[in-house]
Amino acid sequence: MHNLPALNRTLALWRSHRDTIALVPTMGALHAGHISLVKLAGRRADRVVVSIFLNPTQFAPHEDFTNYPRILRRDISQLTAVKTDLVWSPSVETMYRSGFATRVVPEGPAMVGLEDAFRPHFFSGVATVVAKLFIQCRPDIAVFGEKDYQQLKVVTQLARDLDLNTRVVSAPTIRERDGLALSSRNAYLSTQERTAAPVLYRVLSDCARSIAAGGPINRVLEDGRAAIAGAGFALDYLEARHADTLAPISARREGPIRLLVAARLGKTRLIDNVAV
Ligand code: PAF
């Protein structure tokens, strides 16, 4: 479905039956991680809306917007295997009408020196489009993956701060057998890069185990950073943060701790995170 009047008619019909609605926002290029979000949505609500919108405003000019996989037909056929009541796939013109001039600029978890330090445009693009999607669909719940952990915190805060009446529900990261977190961007990896990629999760898991066993956080992370660089990555960050606020943490008692990493393999930027 591509236009707002049709979306509004369908949602109004569902609401007249008192059906609860779950939204799963995506940018398409769906993989098993997305499908797990859709399945979770189907267990929590009567109706499932999956949005597929490749949002230009969350990409910087030098990033991969142009190359990002656009495979709407294949995405839609994947969704036939799971309960999806509606695929909302607006055009860029529908989302950002000519003259569009409003932006949501999140603070708090969006300004903690993680993704925001490396992709300064990213969270205002995400917050603006997610606010629009929530307002368009007015879902009871919206499902986001833990894979994008900082994004999960930002959209949770957004829903609360703007009284959007949508509860953000998180879903665990789905991984390949070798530990690599599923991501649409994994498709960019060369065979050689794909072989190196699971190092990220291995290092995260090793660091989490060491910290849980009482290892000093700073030293454990230093070793982790060296291991990631040694595997051929250009590291953006490997950090221990408070799992709720994302504030920096230097001792285990300040926890719960989440370890977060972002690193580039060739042209591909990968992110991941684990709980300690
Ligand atoms: O995580 C994503 O795919 C995107 O950032 C989102 C939440 C769909 C907003 O465009």
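Now for a look at the structure at hand. What you see is a predicted model, and the numbers here were worked out from it, not measured in a lab.

### Overview of the overall build of the protein
Here's step 1: When its secondary structure is counted, the protein shows ten helices and eight strands.
Here's step 2: By the compact-globule yardstick of 19 Å for 276 residues, the protein fits well, its C-alpha radius of gyration being 19 Å.
Here's step 3: Its C-alpha atoms put the protein at 55 × 40 × 40 Å along the principal axes.
Here's step 4: Sorting the 276 residues of the protein into buried and exposed places 54% on the buried side.
Here's step 5: Intrachain contacts of the protein at a sequence separation of at least 6 include 72% that bridge at least 24 residues.
Here's step 6: Here the protein displays about 13300 Å² of accessible surface, and carbon together with sulfur accounts for 51% of that area.
Here's step 7: Computing the positive centroid from 35 side-chain charges and the negative centroid from 26, the protein places the two 4 Å apart.

### Brief notes about the site of the ligand
Here's step 1: In the vicinity of the ligand, the residues found are Pro25, Thr26, Met27, Asn55, Gln58, Val126, Val129, Phe144 and Gln151.
Here's step 2: The contact in question runs from an oxygen atom of the ligand to an N or O atom on the side chain of Gln58, over 2.7 Å.
Here's step 3: Contacts to the ligand include Gln151, whose side-chain N or O atom sits 2.7 Å from an oxygen atom.
Here's step 4: Compared with its free state, where it exposes 290 Å², the ligand has 89% of that area covered by protein.
Here's step 5: Contributions of two or more residues to the shell around the ligand are made by strand E1 (21–26) and helix H6 (122–137).

### Section: the sheet that holds strand E3 (residues 86–88)
Here's step 1: Sheet architecture is open: five strands sit in the order E3-E2-E1-E4-E5, paired in parallel fashion. The open sheet has two free edges, formed respectively by E3 and strand E5 (167–171), since each of these has just one partner strand. Strand-to-strand twist of the sheet, defined as the mean angle between neighbouring strand axes without regard to direction, takes the value 30°.
Here's step 2: Of the strand pairs in this sheet, strand E2 (residues 47–52) and E3 are connected by three bridges, and their pairing is parallel. Note on E3: the bridge partner recorded for Val49 is Leu86.
Here's step 3: Set on the sheet, helix H2 (residues 32–44) makes contact with E1, E2, strand E4 (141–145) and E5; between it and E4 the angle comes to about 155°.
Here's step 4: Lying on the sheet, helix H3 (residues 72–79) is in contact with E2 and E3; it crosses E2 at an angle near 165°.

### Quick look at the pairing of E5
Here's step 1: Across five bridges, the pairing between E4 and E5 is parallel. Residue pairing for E5: Ala142 is matched across the bridge by Val168.
Here's step 2: For the segment spanning E4, helix H7 (residues 149–161) and E5, crossover handedness is right-handed.

### Some words on a positive patch on the surface
Here's step 1: On the surface, Lys39, Arg43, Arg44 and Arg167 cluster together into a patch of positive charge.
Here's step 2: Among the elements that line the positive patch, the one with the most residues is H2, at three residues.
Here's step 3: Locating Lys39 in the fold gives a position in helix H2.
Here's step 4: Note on Lys39: relative accessible area 46%, which makes it partly exposed.

### A short note on the packing of aromatic side chains
Here's step 1: Considering all chains together, one arrives at seven aromatic pairs under this definition.
Here's step 2: Here the aromatic cluster, defined as three or more aromatic residues joined through ring pairs, consists of Phe53, Tyr96 and Phe100.

### So, the pattern of salt bridges
Here's step 1: The full count for this structure, using the stated rule, is 14 salt bridges.
Here's step 2: Between Glu115 and Arg269 there is a salt bridge, with its nearest N and O atoms 2.8 Å apart. One end of the pair, Glu115, is in helix H5 (residues 115–118); the other, Arg269, is in strand E8 (residues 268–275), with 154 residues separating them in the sequence.
Here's step 3: Judged by relative accessible area, Glu115 falls into the buried class, the value being 4%.
Here's step 4: Residue Asp236 is joined to Arg269 by a salt bridge in which the shortest nitrogen-to-oxygen separation is 2.8 Å.

### Quick notes on the sheet that holds strand E7 (residues 257–265)
Here's step 1: What the three strands build is an open sheet, ordered E6-E7-E8; its pairing is antiparallel. What marks the edges here is a single partner per strand, and that holds for strand E6 (234–242) and E8. The mean angle between the axes of side-by-side strands here comes to 10°, regardless of whether they run parallel or antiparallel.
Here's step 2: Here E7 runs beside E8; their pairing, made up of eight bridges, is antiparallel. Following the sheet pairing, Arg258 is matched in E8 by Ala275.

Rules used in this analysis
- Residues numbered from 1 in each chain as written.
- Predicted model: local features only at pLDDT ≥ 70, side-chain atom pairs only at ≥ 80, totals over all residues.
- Heavy atoms only, no water.
- Helix = DSSP H or I, 4+ residues; strand = E, 2+ residues; numbered from the N terminus.
- Rg over C-alpha atoms; globule rule 2.2 N^0.38 Å.
- Buried < 20%, exposed > 50% of the residue type's maximum accessible area, 1.4 Å probe, protein only.
- Contact = heavy atoms within 4.5 Å.
- Areas by Shrake-Rupley, 256 points an atom, 1.4 Å probe, with all protein chains shown as cover.
- Lys, Arg positive; Asp, Glu negative; His and termini not counted.
- Charge placed at Lys NZ, Arg CZ, Asp CG, Glu CD.
- Near = heavy atom within 4 Å.
- Polar contact = N/O pair within 3.5 Å; in protein donor to acceptor, adjacent residues only side chain to side chain.
- Pairing = 2+ DSSP bridges.
- Axes fitted to C-alpha atoms, helices over the stretch in contact; angles between N-to-C directions.
- Right-handed = clockwise from strand over helix to strand, strands pointing away.
- Patch = residues over 30% accessible without salt bridge, like charges linked within 9 Å, V, L, I, M, F, W, Y side chains within 5 Å.
- Salt bridge = Lys/Arg side-chain N within 4 Å of Asp/Glu carboxyl O.
- Phe/Tyr/Trp six-rings, centres within 6.5 Å; stacked < 30°, edge-to-face > 60°.

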